[in-house]
Amino acid sequence: MKTQTIRKTVSTLIATAGLLTVLDVQAQIQGTIQTEAGQAIDFATVALHRASDSTVVKSEFTNDRGQFTIPTPPAGTYRISASQVGYTRGWSAVFTVATERVSLPIINLLQSQNATLKEVNVVAKKPLYERLADRTVVNVEGSPLAAGNTSLDVLARSPGVTVDNNDNLALRGRQNVLVLIDGKRQPMTGSELADYLRALPADQLKSIELITNPPAKYDAQGTAGIIAINLKKDQRLGSNGTVQASYGRSQYNKYTAGITLNNRDAKTNIFGSYNYADRNGLALLDIHRDFYNVGPNRQQTLTGSSDQINRVLVGFKAHTARAGIDYTVSKRTVLGAVVNAQQNRTPGQIGRNQTTLFDASGRPTDVYEARNRRDFTSPNGSINVNLKHTFADSANSPELSADADYARYKTSRLQELSTLFQLTGRTGTLLVGDQQGDLSIWSAKADYVYPMGRRGRLEAGAKLSRVSSDNDVVFRFTEGSITTIDRNRTNRFRYNEAISAAYVNWSRTMGKTNLQLGLRAEKTVAEGRQSVGDSSFSRRYAQLFPSAAIKRSLSKNHELNLTLSRRINRPSYGQLNPFRTIIDPTTSGSGNPNLRPETSYNLELSHTFKSKFTTGMSYSRTSLPMIGVVQPETDSTVISTSVNLERQDYFALTFTAPVQPAKWWQIYNNAVFYYSHFVGNLAGTALNKGRPAFNLSSNHTFTFKKGWSAELNTSFQSVEQYGFLRVGTNGQVTAGVQKNLWERKGTLKLNVADIFFTSKIHAVSAYDNYVERFFQRRDSRTATLSFSYRFGNDKVAPTRRRTGGAEDEKRRAG
């Protein structure tokens with residue numbers, strides 16, 4: 001019945017799109033870029049500027065005939081600029097946008113005397129932050145604050161992004177985001193994803209895209225939206241490369257080094273990179289716990305409490321490598337392949353814990369000291385093969401793109417927890433855990449784009465993915481001279497998942513209105529099997545995910561945008577795995593095989609003033625929201641896991657205000673005011689609670705003479721309530737400066753993160769039978785000095801815009 005409904009709905013949407021495409025003409029600005037001799041200049045950069053202040057509104061590339069088309073902006077006066085390496089920048093005359101189509105006279109570019117990088121130094125670089133219609137783009141490449149830092153560091157300073165005490169990412173105060181790297185989904189959440197991002201140097205990033213309401217062509221995964229991370233690719237002709245190294249210092253040393261190589265000619269581009277990171281640090285966590293019996297009328301009686309002091313020396317070594325090739329088979333066909341590999345290792349990580357247990361009267365009953373040694377290794381690799389083909393030479397040609405991917409992630413965790421008891425006289429204990437994990441992912445997808453004349457656009461695609469996960473763990477417990485297998489913790493968990501998906505997306509421009517309708521259908525088959533215990537499960541479900549967007553230009557200065565979507569967040573493989581992870585003698589972590597997917601409806605209305613200032617209002621209703629909780633198992637031990645609540649209601653008001661007080665000073669301000677309300681029940685504790693909160697960020701970019709530039713980034717997070725957890729205020733201030741050397745071949749950067757050491761976290765997790773208060777901090781105040789040097793040919797080749805493959809993965813989920 002569900003399959004028939006899906007088919008009927010998709011058929012109706014396609015038929016409706018086909019009928020509507022006969023109604024109107026797509027609004028656009030069109031023109032041609034040529035040399036003085038009348039030859040077409042292909043892949044020239046074309047920018048649309050407001051005539052009043054020269055602010056760039058939109059940009060495009062010319063095709064192989066030198067032609068370009070740009071969707072028309074709100075009514076007003078504009079100019080077009082065109083640039084290409086080897087030519088001086090050309091400008092159109094000022095023109096007025098008041099009709100649906102604007103045809104400009106030919107713009108001729110004069111050839112410059114020198115076609116090297118020197119001649120294009122006057123071209124302004126992209127702003128660090130860009131607010132587009134459906135996303136915010138962080139242009140990381142070239143930022144002084146990226147030098148020597150990790151991808152997680154840069155992401156945490158992005159507008160509206162926060163990272164909590166358990167390394168969970170949140171976008172505008174909502175957790176459960178989908179993270180993509182070069183369009184590929186990362187099969188990790190929480191601390192595993194954070195460790196992966198810590199091993200990925202920020203110097204390798206090109207941009208980060210924050211998408212809160214994606215259309216149907218994206219995977220439906222991620223109820224809070226998508227964070228898309230795009231890696232760099234060198235565009236220079238010939239053989240060239242970049243070497244970089246950095247040294248950071250907090251209380252401990254942090255080193256990174258890397259090299260990028262590239263060889264590009266008219267048909268082939270071969271590229272590769274290698275990076276090494278050796279970063280050490282300190283994590284501190286203090287916890288106070290109160291345990292209660294709950295009587296009639298929810299009356300609490302204290303049964304015991306504990307105090308903990310935790311100190312962990314955090315260190316990891318990471319090797320990251322990437323290699324690929326793009327080959328232009330013909331004028332219409334491009335083939336590509338990319339191989340990625342990474343190995344993360346935390347050798348001999350030492351954690352020390354001191355715990356004091358108290359009875360109900362506050363008298364100490366035991367004191368113990370624990371030493372936790374962890375050795376963690378995670379080699380992983382992936383391969384992607386991609387194809388893009390256009391069926392004609394015209395700008396409105398149909399286009400087909402396809403991707404096939406295979407990825408494998410292996411983990412090896414060896415843990416030794418030794419405990420000495422001081423008051424009870426109990427013999428010391430040793431718990432040794434050996435966990436081996438193997439995760440494989442296969443996926444294939446195809447996307448087809450069909451321009452319906454000059455009026456509309458129809459997109460359709462399909463994707464198949466399969467996941468296989470196998471985890472095996474053995475725990476041995478030693479007390480005195482006797483060692484036994486701990487059968488309560490030893491287990492094996494296997495998980496298999498298959499997802500098949502198809503989508504159709506239609507868009508068209510009618511006068512000053514742009515309309516987009518989409519529908520995505522996904523079918524999931526999942527099975528988990530546990531060797532010991534009764535936590536096996538099998539699930540099958542199919543769901544529809546509609547999306548819609550309408551944008552309307554009200555006048556020269558005002559534009560409205562309304563989006564609606566339904567999304568899903570499936571539990572990660574680690575969240576379903578019932579294995580125990582021993583954190584300290586009284587704390588363990590475990591997955592929940594009974595965890596169900598959460599689904600959400602998301603609505604957002606935004607207003608843009610003068611193509612710069614944006615105000616947005618959004619609402620989301622999430623069913624069965626997944627949250628992290630801590631629950632007591634005994635009067636002194638707790639377990640950290642994930643559960644489903646009944647629902648979450650989310651309201652937000654967002655402001656974005658880019659300003660430029662001077663030519664050399666740009667400011668990007670972002671504010672999110674939100675309210676999250678949770679309803680649910682856990683272990684007898686009824687939850688019906690919400691709290692207003694806000695997140696503020698401001699980034700300042702300074703451009704000085706003689707190759708000097710600087711950045712200042714500040715952010716502040718207010719008190720917020722997330723389920724049973726109340727988190728206190730925190731913030732940070734980071735500053736950096738850079739100097740270009742030797743005709744921009746060399747770059748020296750210095751930055752200091754968390755200058756005032758204010759990113760500490762105070763939080764309270766409260767239930768009827770248990771209350772936990774903790775104080776967490778890291779050695780986040782770090783000074784980093786880095787140097788990079790570009791060598792080889794400096795002539796830049798324009799990138800073929802792979803709108804269906806690697807380049808387009810900025811705008812779609814893998």
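Owing to the predicted nature of the structure, the values given are computational and were not obtained by experimental measurement.

A separate point is the overall build of the chain. For the chain, the count of helices and strands is four helices and 49 strands. Burial analysis of the chain (814 residues in total) assigns 52% to the buried set. Total accessible area on the chain is roughly 35500 Å²; 56% of this is exposed by carbon and sulfur atoms.

We now examine the sheet that holds strand S34 (residues 587–590). Within a sheet, neighbouring strands are paired by backbone hydrogen bonds and run either parallel or antiparallel to one another. Pairing within the open sheet is mixed, and its four strands lie in the order S33-S34-S38-S37. Looking at the sheet topology across the chains shown, the edges are occupied by strand S33 (580–584) and strand S37 (626–632). Put simply, the sheet's adjacent strands are angled 30° from each other on average, direction ignored. Here S37 runs beside strand S38 (residues 638–644); their pairing, made up of seven bridges, is antiparallel. Its bridge partner lying in S38, Ile627 is registered against Val643.

In this structure, Arg744 takes a positive phi of about 70° despite not being glycine. Its location among the elements puts Arg744 in the loop between strand S45 (730–741) and strand S46 (746–753). Here Phe757, not a glycine, exhibits a phi torsion of approximately 55°, which is positive. Looking at the secondary structure, you find Phe757 in the loop between S46 and strand S47 (761–766). Of the residues examined, Phe757 reaches a relative accessible area of 24% and is grouped as partly exposed.

This part is about the confidence of the model for the chain. Should pLDDT be low for a region, the predicted coordinates there are not to be read in detail. On average, residues of the chain carry a pLDDT of 83, and 88% of them reach 70 or more. A low-confidence stretch, residues 113–124 stays under pLDDT 50, and its non-local contacts, those more than four residues away or across chains, total 12 contacts. This model gives residues 796–814 a pLDDT under 50, and the stretch forms 76 contacts once residues within four places in sequence are excluded.

Turning to the sheet that holds strand S13 (residues 169–171), a few remarks are in order. One open sheet holds the three strands; their spatial order is S12-S13-S14, and the pairing between them is antiparallel. Each edge of the open sheet carries a strand with a single partner, namely strand S12 (161–163) and strand S14 (174–175). Where S13 lies against S14, two bridges are found, and the strand directions are antiparallel. Counterpart to Ala170 in the pairing with S14 is Gln175.

As enumerated under the stated definition, the model contains 25 salt bridges in all. For Arg289, the salt bridge goes to Glu772, with nearest N and O atoms at 3.1 Å. On the criterion of sequence distance, the pair formed by Arg289 in strand S21 (residues 268–294) and Glu772 in strand S48 (residues 770–778) is long-range, its members being 483 residues apart. Since its relative accessible area comes to 2%, Arg289 is described here as buried. Residue classification places Glu772 among the buried positions, given a relative accessible area of 6%. In this structure, the salt-bridge partner of Arg298 is Asp768, at a minimum N-O distance of 2.8 Å. Taken together, the positions of Arg298 in the loop between S21 and strand S22 (300–328) and Asp768 in the loop between S47 and S48 put the pair 470 residues apart, joining distant regions of the chain.

When you tally the buried positions in strand S17 (residues 205–211), you get six out of seven residues, the bulk of the element. Note that strand S11 (residues 136–138) and S17 share three bridges and pair antiparallel. Residue Thr136 lies in a different strand from S17, and its bridge partner there is Leu210. When S17 meets strand S18 (residues 226–231), the two strands line up antiparallel, connected through six bridges. Residue pairing across strands places Leu210 opposite Ile227, the latter belonging to S18.

Counting 28 residues, the largest nonpolar core has Leu169, Leu197, Ile208, Ile227 and Ile229 as its most contacted members. At the level of secondary structure, the elements contributing two or more residues to this core comprise helix H2 (151–156), S13, strand S15 (178–181), helix H3 (190–198), S17 and S18. When residues in this core are grouped by element, the largest group, four residues, is from H3. Beyond its immediate chain neighbours, meaning those up to four positions away, Ile227 contacts Leu155, Leu169, Val177, Leu178, Val179, Leu180, Ile208, Glu209 and Leu210. Grouped together as the second largest cluster of nonpolar side chains are 20 residues, Tyr495, Tyr573, Phe579 and Ile582 included.

The topology assignment puts Asn491 in strand S29 (residues 491–510). In this structure the side chain of Asn491 is engaged in a polar contact, spanning 3.4 Å, whose partner is the backbone nitrogen of Ser531.

Quick look at the pairing of S18 now. One face of the sheet, then the other: side chains in a regular strand alternate in exactly this way. Counting buried positions along S18 gives six out of six residues, so the element sits mostly inside the fold. Burial along S18 is two-sided: Ile226, Ala228 and Asn230 facing one way and Ile227, Ile229 and Leu231 facing the other are all buried. Pairing geometry for S15 and S18, over four bridges, is parallel. Looking at S18, one finds that Ile181 is bridged to Ile229.

Let us now look at a nonpolar patch on the surface. Residues Ile550, Leu554, Leu560, Leu562, Leu564, Leu603, Leu605 and Met617 make up a contiguous nonpolar surface patch of roughly 630 Å² in combined accessible area. If you list the elements that add at least two residues to the nonpolar patch, you get strand S32 (558–569) and strand S35 (598–609). With respect to the helices and strands, the residue Leu562 is situated in strand S32.

As for its position among the elements, Ala341 is in strand S23 (residues 333–359). On the basis of relative accessibility, which here comes to 35%, the residue Ala341 falls in the partly exposed class. Spatially, the C-alpha atoms of Ala341 and Ala407 are 9.6 Å apart, while their sequence positions differ by 66 residues. Not counting residues within four places of it along the chain, the set of residues in contact with Ala341 comprises His319, Thr320, Ala321, Asn380 and Gly381.

Moving on, we come to the packing of aromatic side chains. Scanning all chains against the criterion turns up 25 aromatic pairs. Between Trp742 and Tyr789, the ring centres sit 6.2 Å apart and the planes meet at 70°, which makes this aromatic pair edge-to-face. Remark: Tyr789 occurs in strand S49 (residues 782–792) and Trp742 occurs in the loop between S45 and S46; sequence separation between them is 47 residues. The exposure class assigned to Trp742 is exposed, which follows from its relative accessible area of 55%. Classification of Tyr789 by relative accessible area gives partly exposed; the value is 30%. Of note, Arg466 hangs over the ring of Trp442, and the distance from its end group to the ring centre comes to 4.3 Å. In this arrangement the basic side chain of Arg539 is found over the ring face of Phe537, its NZ or CZ atom lying 4.3 Å from the centre.

As a further point, take the environment of Gly324. Looking at the element boundaries, Gly324 is found in strand S22. Through-space distance from the C-alpha of Gly324 to that of Ser273 is 9.5 Å; in sequence the pair is 51 residues apart. When near neighbours in sequence (up to four residues on either side) are disregarded, Gly324 contacts Asn269, Ile270, Phe271, Ala337 and Val338.

The rules behind the values
Residues numbered from 1 in each chain as written. Predicted model: local features only at pLDDT ≥ 70, side-chain atom pairs only at ≥ 80, totals over all residues. Heavy atoms only, no water. Helix = DSSP H or I, 4+ residues; strand = E, 2+ residues; numbered from the N terminus. Buried < 20%, exposed > 50% of the residue type's maximum accessible area, 1.4 Å probe, protein only. Areas by Shrake-Rupley, 256 points an atom, 1.4 Å probe, with all protein chains shown as cover. Pairing = 2+ DSSP bridges. Axes fitted to C-alpha atoms, helices over the stretch in contact; angles between N-to-C directions. pLDDT = per-residue confidence, 0-100. Contact = heavy atoms within 4.5 Å. Salt bridge = Lys/Arg side-chain N within 4 Å of Asp/Glu carboxyl O. Core = buried A, V, L, I, M, F, W, Y, C linked by side-chain atoms within 4.5 Å. Polar contact = N/O pair within 3.5 Å; in protein donor to acceptor, adjacent residues only side chain to side chain. Patch = residues over 30% accessible without salt bridge, like charges linked within 9 Å, V, L, I, M, F, W, Y side chains within 5 Å. Phe/Tyr/Trp six-rings, centres within 6.5 Å; stacked < 30°, edge-to-face > 60°. Lys NZ or Arg CZ within 6 Å of the ring centre and 35° of its normal.

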